[in-house]
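Now for the letters of each chain:
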Amino acid sequence: MRKWFATSLTMALSTSMVLTACSTKSTELPSSSTNSTTPTASTAPAASTAPVKKGDISVSVYDRGNIPAAEGTLEDNRWTKFINENGPANVKYVPIPRNDSAQKFNVLFASGSAPDIINEFDPNILNPLIDQKQLMPLNDLIEKNSVEYKKILQDYPALKKVGTSPDGKMYKVGRVLESFPSYAVFVREDWLKKLKLDVPKTTEELYKVAKAFAEQDPDGNGKNDTYGMALSYRSEYAIDMMFGNPVEQYGLVNDQPTRAFENAKLATEFKKRLFDEGLIDKDFVNDKNGAKAKQDFLNGKLGIYPTFVGSWFDSTVTDIQTLKKAVPDASVIPIALPKSPVGEFIPDVQSPVQMTTAINAKTKDPVAAIKYLDFMNRVSTGTSILFGLEGTHYKKDVNGCPQIIDPNKTKAEISWAGDYAQSYSRLLLGKCSFFQNQFNPDIPEQKAGLDMFNKAESLYLDSTKKYRFITLQELIPSFPKDMQTSFNTVKKQITDTWLKSVLSGDKYSVEQAYKDVQTSWDKAGGKQMDDFIIEWYKTNKDSSFMMKDLWETVAKQAQMKK
């Protein structure tokens, strides 16, 4: 099975695609990954019996604002201690705001204080750094000093292709993953039943359900204190998905790459309608990380919760149990993205090949850096950071897969730590890599969570529906340097223009915003950017990793799960 996955991806990704390209799990374990998943560094190959002096390195880690106060800080907590005690290097972690990583990295590189290891998903951040020679070529470093990652490259050649730049050098480290839906729309099923409403199948029906949830006292407390839908942070992206709005990327209309501003206009009209009628939290703009919306949902005050799903276990088990503490009779279901005037879409999907990491060209100890990345790519390390300690946080089921013991303990001590294992290839855990194996069906609430996840996969991994991008988002090529600067400027102007129309009532219409967006795009050289993507698509659509290849991968992974 591993051979199929590696071969098919290798064939699917063309050289030109991967030269430009920018949250699990499934095949047989590569020989370097057959070690025990017990969290210990004892599985490292020993060069000698004498103690080896550790190098000193710095490593970036996303700051999502989600680490519990009791656990410490991103720089100093149980997992930074675990990594430093068991790993091959002395690591200093540098927090990077998840919502503003580009700006933070720009400042760090400009000041000469960027960390040695850069953990970043966005190719629009990494590719310019390659052009500026700020990142280190890795071919020789991996060949001479790596064990684990070199083996992964051999088993999954697509990683090398995706991570290789036009000069023929690898500047990025990547990982292989299970493809799964990374967004969901959760709805209070008990509210639907109480108000005698059907599951919304169109965006117009979704609006009507949101209106009823906001205005008809679904929680029965006699107060006007419920929200129909969430719109803050990533909830807004889910609305964009329903309307096929690619936001800052490119979608397909009649097999032609386009910024799809018409789709963005429809999505904005929908958002504005929700805002003007008071069906959402009027202060959604200030809910920068979506924490307020999530709290409203868990407190039983929010009826429709479109959201990014970082952990399907947390979303379908831990969060639902939190909700039930506030509302014991609450019932939640995932629903398909409702059909909009431009068609039926699926939410964003996790790419099976993802570039995550690079090494600063000014790193003083590159060998320590690559050995650190090797350590992070051991099954023992990855299992520890993602599942915790065996016997404390998880136990092994009959298939040898980690099974969570106490969801609340896992949420408090484990769930926030996944970014430390950003470069870990999660397919290395074999069949245990798949999300379904995280649930224990013998525990009722976990069985219910598993049923929710299976339902979500059936709704969202649907090849008959559209996808809002021309291919998986991180595989869309970056613009050349001269275009990228213009694009970075105009994309903020466009985002601000759409938002202004949502918030301004009658003073600034969506129609006027649409005209202003087109004008901004044209002035910024939008035609040249469009022509670049159109030409890339025309040249590469038959040989690059496109949606047809994703669906092939999804189908094969479905067979592997059985």
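All of the points below concern the structure found in this document. Each chain carries its own residue numbering, running from 1 in the direction its sequence is written. Local features in this predicted model are restricted to residues of pLDDT 70 or higher, and side-chain atom pairs are both shown and tallied only at a pLDDT of 80 or more, whereas totals for entire chains, interfaces and linings draw on every residue. Hydrogens and water are ignored here; the side-chain numbers use all heavy atoms of the structure.

**Quick notes on the nonpolar core**
Side chains of a nonpolar character, in soluble globular proteins, are inclined to be buried together. The line we're drawing: The criterion is simple. A nonpolar core is a set of buried Ala, Val, Leu, Ile, Met, Phe, Trp, Tyr and Cys residues joined through side-chain atoms within 4.5 Å. Exposed residues in this analysis have more than 50% of their type's maximum accessible area, buried residues have under 20%, and partly exposed residues fall in between, with area computed by a 1.4 Å probe over protein chains only. Only runs of H or I of at least four residues qualify as helices and only runs of E of at least two qualify as strands under DSSP, and these elements are numbered from the N terminus. In what follows, a contact means two residues having at least one pair of non-hydrogen atoms within 4.5 Å.
Counting residues in each nonpolar core, the largest one holds 86 residues, and the members touching the most others are I83, L159, Y372 and Y420. Per-element accounting of this core gives the leading share, 7 residues, to helix α15 (residues 366–376). In contact with Y372, not counting residues within four places along its chain, are I57, V59, I83, P88, V91, Y93, I117 and Y420. I239, L279, I333 and F453 belong to the second largest nonpolar core, which has 59 residues in total.

**Describing the pattern of salt bridges**
Put simply, the test is: Should a side-chain nitrogen of Lys or Arg be within 4 Å of a carboxyl oxygen of Asp or Glu, the pair is scored as a salt bridge.
For the structure shown, the criterion picks out 32 salt bridges. With its nearest N and O atoms 3.1 Å apart, the salt bridge here joins K211 to E215. In this pair, K211 and E215 are both assigned in helix α10 (residues 203–215), 4 residues apart and thus about one turn of the helix distant. Here the residues in one salt-bridge network are E71, R78, K409 and E413, joined through shared partners.

**Let's talk about the packing of aromatic side chains**
Geometry of an aromatic ring pair is reported as the spacing of the ring centres plus the angle between the planes. For the record, the criterion: For this analysis, a ring pair means two rings from Phe, Tyr or Trp (six-membered ring only for Trp) whose centres lie within 6.5 Å, classed as stacked if their planes differ by under 30 degrees, edge-to-face if by over 60, and tilted for the remaining angles.
Applying the stated criterion across every chain yields a total of 21 aromatic pairs. With a centroid separation of 5.5 Å and 70° between ring planes, the pair formed by Y183 and F308 is classed as edge-to-face. Here F308 lies in strand β9 (residues 302–308) and Y183 lies in strand β5 (residues 183–188), a separation of 125 residues in the sequence. Looking at Y183, the relative accessible area reads 6%, which means it is buried. Judged by its relative accessible area of 24%, F308 is partly exposed.

**Considering the environment of D116**
Formally: Polar contact is the term for a pair of N or O atoms within 3.5 Å; when the atoms are in protein, one must be able to donate a hydrogen and the other to accept it, and sequence-neighboring residues count only if both atoms are side-chain atoms.
Counting through the fold element by element, D116 comes out in the loop between α4 (101–110) and β3 (117–119). We classify D116 as buried; its relative accessible area is 13%. Excluding residues within four positions of it along the chain, D116 makes contact with D56, I57, S58, A358, I359, N360, T363 and K364. In this structure the side chain of D116 is engaged in a polar contact, spanning 2.8 Å, whose partner is the backbone nitrogen of S58.

**Observations regarding unusual backbone geometry**
A positive phi is found at K133, a non-glycine position, where the angle reads about 60°. Tracing the sequence through the fold places K133 in the loop between α5 (123–131) and α6 (139–145). Its relative accessible area of 70% is what places K133 among the exposed residues. The phi dihedral of N254 is positive, around 55°, even though this residue is not glycine. As for its position among the elements, N254 is in the loop between β7 (251–253) and β8 (256–258). Residue N254 is classed as exposed on the basis of its relative accessible area, which comes to 76%.

**Digging into the side chain of S315**
Looking at the secondary structure, you find S315 in helix α14 (residues 312–326). With residues near it in sequence (within four places) discarded, S315 still touches F186, V309 and I320.

**A short note on the state of the cysteines**
Keep this limit in mind: The rule for a disulfide is simple: a pair of cysteine sulfur atoms within 2.5 Å.
Throughout the structure, instances matching the rule amount to 1 disulfide. A sulfur-sulfur separation of 2.2 Å characterises the disulfide bridge that pairs C401 with C432. The sign of the S-S torsion, about -80°, decides the handedness of the disulfide formed by C401 and C432: left-handed. Here C401 is found in the loop between β12 (394–396) and β13 (402–404), whereas its partner C432 is found in the loop between α17 (407–413) and α18 (444–460), with 31 residues between them in sequence. Judged by its relative accessible area of 10%, C432 is buried.

**Some points on the packing of helix α12 (residues 261–276) against helix α19 (residues 481–503)**
Put simply, the rule is: The axes used here are C-alpha line fits, helices contributing only the stretch in contact, and every angle between their N-to-C directions lies in the interval 0 to 180 degrees. Handedness of a crossing follows from how the near helix is turned relative to the far one, being left-handed for an anticlockwise turn of less than a right angle and right-handed for a clockwise one. Each residue gets one of three labels, nonpolar for Ala, Val, Leu, Ile, Met, Phe, Trp, Tyr, Cys and Pro, charged for Asp, Glu, Lys and Arg, and polar for the others, Gly among them.
The interhelical angle for the contact between α12 and α19, taken along N-to-C directions, is 35°, at an axis separation of 8 Å. Along this stretch, α12 crosses α19, giving a crossing that reads as right-handed. Counted together, F261, A264, K265, T268, K271, K272, F275 and D276 of α12 and I494, W498, S501, V502 and L503 of α19 form the full contact between these two elements. For the contact of α12 with α19, the residue count by class is 7 nonpolar, 2 polar and 4 charged.

**Points about the pairing of β9**
Heads up, the rule is: Strand pairing requires that DSSP identify at least two bridges connecting the strands.
Across the 7 residues of β9, 6 count as buried, placing the element largely inside the fold. Bridge count for β5 against β9 is 5 bridges, and the pairing is antiparallel. Following the sheet pairing, V185 is matched in β9 by P306. Relative to β9, strand β6 (residues 227–229) runs parallel, the two sharing 2 bridges. Looking at β9, one finds that Y227 is bridged to L302.

**Some details on the environment of Q473**
With respect to the secondary-structure elements, Q473 resides in the loop between α18 and α19. The exposure class assigned to Q473 is partly exposed, which follows from its relative accessible area of 35%. Along the backbone, Q473 and L450 are 23 residues apart, and their C-alpha atoms lie at a distance of 27 Å. Residue contacts for Q473: discarding those within four places in its chain leaves Q249 and D348.

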